[in-house]
Amino acid sequence: MTTRSMRRRIAALAAAAVLLAAAACTDSPGDAGTVKVGLLVSLSGTYTTVGEDMQRGFKLYLDTHGGKLGGRKVDLIVGDEGDGPATAVPAAQKLLERDRVVALTGLVGGATVDKVQTLTTAKKIPLVGANARPAFAPVGGKARDLTYTWHTSYNSDEPGIAIASHIKAQVGDGEVYAIGPDYQGGYDELRGFTDTFTKLGGKLANPDGKTVFTPFPTTENFLPYLNKAAQEKPKAVYTFYAGAAAVAFVKQYAQSDLKDVPLYAAGFLTEGSVLTAQGPAATGIRNVLNYSPTLPNPANQQFVAAWSAAGHTGQPTTFAMASYDAAAVLDRALAAVDGDVTGEELNKAIGEVGRIVSPRGDWQFEPTEHRPVQRWYLREVKADGPVLSNVLVQDLTTLPAS
Amino acid sequence: MDAYLIPAVDGVAYGLLLAIAAAGLTVAFGAGGVLNLAHGTLIAAGGYVAAATSSGTWTGLVLAVLAATVAGAAGGGVLAAATAALRGRGHLDQALLTFGLALAGGDLLTTVYGPDTLRPRLPAVLQATVTVGGHRYPVDRLAVLGIAVVVCAAGYVLLHRTRAGRLVRATVDDRAMVAGIGVNPRLVDASVLVTAGALAGLAGALSTPILGVGPGTADTVLLLSLIVVVCGRLGSVPGAVAAALAVGVVQTLGVTTFPTVAPYLLTGAMAAVLLARRTGLPAQARP
């Protein structure tokens, strides 16, 4: 390409960019009866199945409520989060700046939430996250402003906190081996368990007492790690993996020297489509989550029935449930806003939604941290009729403890 | 010593898998002169085809392996046709073309087979474990190890002990001379790419029981294969086997022995090999 034609092309590109920006600025606000809601989930990459599940959950609520939230027609704009911030941040910027959504929901990964949270806060748009919530690191020495940040899911360290005392009771004086993936979600999940477990007097079987983190997403060959762990002769193993890595981990666990050592996990290890792929290798894994499709409350029975009626294969997951609840929160909050919806007004209304009737059992937002105060359940992978399911074993605890 | 036995066996099994994967790449580059960045996609395609064909029976397994190999070979044929037009235009053009094909092919695979990681259904015998030196070890990995040894040996014999192999090696050294004895060097190039594709498909079928095949497979195996090819010298099958074994062992023993530096071990090893050898890559590719 000659210098001149190059210059001409750059000029053309710049002109196009200016035109696009101008078009975005003059975009007229939609008619008063319609609101734009942004749903940002992984539609490609490692956690695609989780993202698709969340999308199904949100849409299920919309479809069973006439396509409306709070009496307003909803224009749901879906963005692809991909594998993390690198793809998620531009997608979030597009939803916030070009599409001018009044609320952003979804968000699969903890690292994504960490980055996107600052964008939505700056724009004063409520972020109603429906999956991982990281421990927000301070920015510029100041604690994060959580005014506009809400989650219908959980803090990533809560599964581990909820199950620690149960595991301590099961292993007695025995040691537990902790292993997880080397990224933010893995740190949060494993820290929740190891901190609480050691506080209760438990001992980790890991040499030097530190959790083993496996490279993510590059390692799916877990056998060397598992056989190495077996040498420490742990009484039980605690882990967290999700998606494709969870399938590989569970299958290889059943083939390793650890086969007969009880495996405990954050419930994501056996949640959703991964459980089908794991098959019989997953049987007997005890895990903790804020939801089980076998919970006997009426809201859940309705939810499970609607899920099947919508033609989705398998049982609903915690991912679908939390996204369904995000829609329920927005429904209640939008109903409380008069006239045009602004981020600030909607956010204030979210703070006043009160108790949410949910398939997981009723819950409400913790007033300062904006995450659910909810029950956690111990589940075990068992055959439930012809399919494997995370069957409810017992209630564990309510978190965050007041 | 006992502590390292299982990871070492595992490393060899993994290494031999990589050897088959990288053999296709190194033969295509070294002998066919084509820098094929779609090689990982061919491996993923083989894996998907195998996973979709398998049915849990022995017949199903044999069919799956054959189907994957044929699919890989067909992919190699497409690449041969696509790159034939680029002969003599340098490796950058080839890299761009094959990378584009890899992107399109990868997208096609996810569209057809979905975003989930797939695994083939194996006969029950292969899903069991046996005891090796007092440790549990999966039968499917031992089976892969056995097949990989056979394939590597066959590949070596084919390239170094048969007329076809001599022709391929001669084409690398002196295309004009090969043409002079009445063989079309372009035909040799094409058959090399088809063979490399078949090896890729086979590697895909063999690796799926262990690693599964998903949207990330193509990139991961291409990267590992490139490392193997760079460490094992271009176009050398024994070199690829040796380097692949080293990579396999580094990947399995390394991650458990030096967990903190594990992510850097491979690239570190490659850097060390390159520094020690100090020969330019293009010079080797086009002798």
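Each remark here, short or long, concerns the structure printed above.
J.: What's the story with a positive patch on the surface in this structure? I'm lost.
T.: Residues and elements named next belong to chain B. The grouping of Arg161, Arg163, Arg166 and Arg169 at the surface amounts to a positive patch. At 3 residues, helix α7 (residues 163-173) tops the list of elements feeding residues into the positive patch. Inspection of the secondary structure puts arginine 163 in helix α7. The exposure class assigned to arginine 163 is exposed, which follows from its relative accessible area of 56%.

J.: Can you help me understand the interface of chain B and chain A in this one?
T.: Chain B puts 20 residues into the contact, and the matching count from chain A is 22 residues. Between chain B and chain A, the buried area comes to about 2,000 Å², and carbon and sulfur atoms account for 52% of it. Among the residues chain B hides against chain A, the three largest losses belong to Arg119, Arg136 and Thr256 of chain B. Together they make up 28% of the total. Between chain B and chain A we count 1 salt bridge in total.

J.: Help me understand the pairing of strand β14 (residues 372-384) of chain A, please; the structure alone is not making it clear to me.
T.: Each regular strand displays side chains that alternate between the two surfaces of the sheet. All names here are of chain A. As paired strands, strand β12 (residues 286-289) and β14 are joined by 4 bridges and run antiparallel to one another. Each bridged residue has a counterpart across the sheet, and for arginine 286 the counterpart in β14 is glutamate 380. Relative to β14, strand β13 (residues 364-365) runs antiparallel, the two being bridged by 2 bridges. Bridge assignment links phenylalanine 365 to a residue of β14, and that residue is proline 372. Between β13 and β14, which pair antiparallel in sequence order, lie 6 residues; one of them, histidine 370, sits at a positive phi of approximately 60°. As defined by bridge partners, β14 adjoins strand β15 (residues 387-399) across 11 bridges and the pair is classed as antiparallel. Residue pairing in the sheet places leucine 378 in a bridge with glutamine 394 of β15. Linking β14 back to β15 in an antiparallel pair, the connection comprises 2 residues, with glycine 385 at a positive phi of about 70°.

J.: Help me out: how do you make sense of the packing of helix α2 (residues 39-53) of chain B against helix α10 (residues 217-231) of chain B in this one?
T.: Packed helices, taken two at a time, are described by the angle their axes make and the gap between the axes. Residues and elements named next belong to chain B. With their axes 7 Å apart at the nearest point, α2 and α10 run at an angle of 125° to one another. Classified by the angle between their axes, α2 and α10 sit oblique to one another. By crossing handedness, the relation of α2 to α10 is classed as right-handed. Every residue of α10 that contacts α2 at His39, Gly40, Thr41, Ile43 and Ala44 is listed here: Thr217, Ala218, Val221 and Leu222. Taken together, the residues of the contact of α2 with α10 break down into 5 nonpolar, 4 polar and no charged.

J.: Got a minute to help me understand the nonpolar core in this structure?
T.: Soluble globular proteins: nonpolar side chains tend toward being buried together. Counting 72 residues, the largest nonpolar core has Tyr238 and Leu346 of chain A as its most contacted members. Top contributing element to this core by residue count: helix α11 (residues 318-335) of chain A, with 12 residues. Leu42, Leu159, Ile210 and Val229 of chain B belong to the second-largest nonpolar core, a separate cluster that totals 54 residues.

J.: Honestly, the sheet that holds strand β2 (residues 68-69) of chain A in this entry has me stumped. Any pointers?
T.: What holds strands together in a sheet is hydrogen bonding between their backbones, with the strands either parallel or antiparallel. All names here are of chain A. Taken in spatial order, the 6 strands of this open sheet run β2-β3-β1-β4-β5-β6, and their pairing is mixed. Each end of this open sheet is capped by a strand with a single partner; those strands are β2 and β6 (149-151). Along the sheet face, helix α3 (residues 85-98) touches β1 (34-41), β3 (72-80) and β4 (103-106) and points at about 175° away from the line of β1.

J.: I keep staring at the packing of helix α3 (residues 58-84) of chain B against helix α4 (residues 91-113) of chain B and nothing clicks. Help me out?
T.: Residues and elements named next belong to chain B. Where α3 contacts α4, the two axes come as close as 10 Å, and the packing angle between them is 145°. Here the hand of the crossing between α3 and α4 comes out right-handed. Between α3 and α4, the residues in contact are Leu79, Ala82 and Thr83 and Leu97, Thr98 and Leu101, respectively. Counted by class, the contact of α3 with α4 contains 4 nonpolar, 2 polar and no charged residues.

What counts, and at which threshold
Residues numbered from 1 in each chain as written. Chains lettered and ligands numbered in written order. Predicted model: local features only at pLDDT ≥ 70, side-chain atom pairs only at ≥ 80, totals over all residues. Heavy atoms only, no water. Patch = residues over 30% accessible without salt bridge, like charges linked within 9 Å, V, L, I, M, F, W, Y side chains within 5 Å. Areas by Shrake-Rupley, 256 points an atom, 1.4 Å probe, with all protein chains shown as cover. Salt bridge = Lys/Arg side-chain N within 4 Å of Asp/Glu carboxyl O. Lys, Arg positive; Asp, Glu negative; His and termini not counted. Charge placed at Lys NZ, Arg CZ, Asp CG, Glu CD. Helix = DSSP H or I, 4+ residues; strand = E, 2+ residues; numbered from the N terminus. Buried < 20%, exposed > 50% of the residue type's maximum accessible area, 1.4 Å probe, protein only. Contact = heavy atoms within 4.5 Å. Buried area = accessible area lost by both parts, 1.4 Å probe. Pairing = 2+ DSSP bridges. Axes fitted to C-alpha atoms, helices over the stretch in contact; angles between N-to-C directions. Parallel < 35°, antiparallel > 145°, perpendicular 65-115°, else oblique. Left-handed = near helix turned anticlockwise from the far one by under 90°. Nonpolar A, V, L, I, M, F, W, Y, C, P; charged D, E, K, R; others polar. Core = buried A, V, L, I, M, F, W, Y, C linked by side-chain atoms within 4.5 Å.

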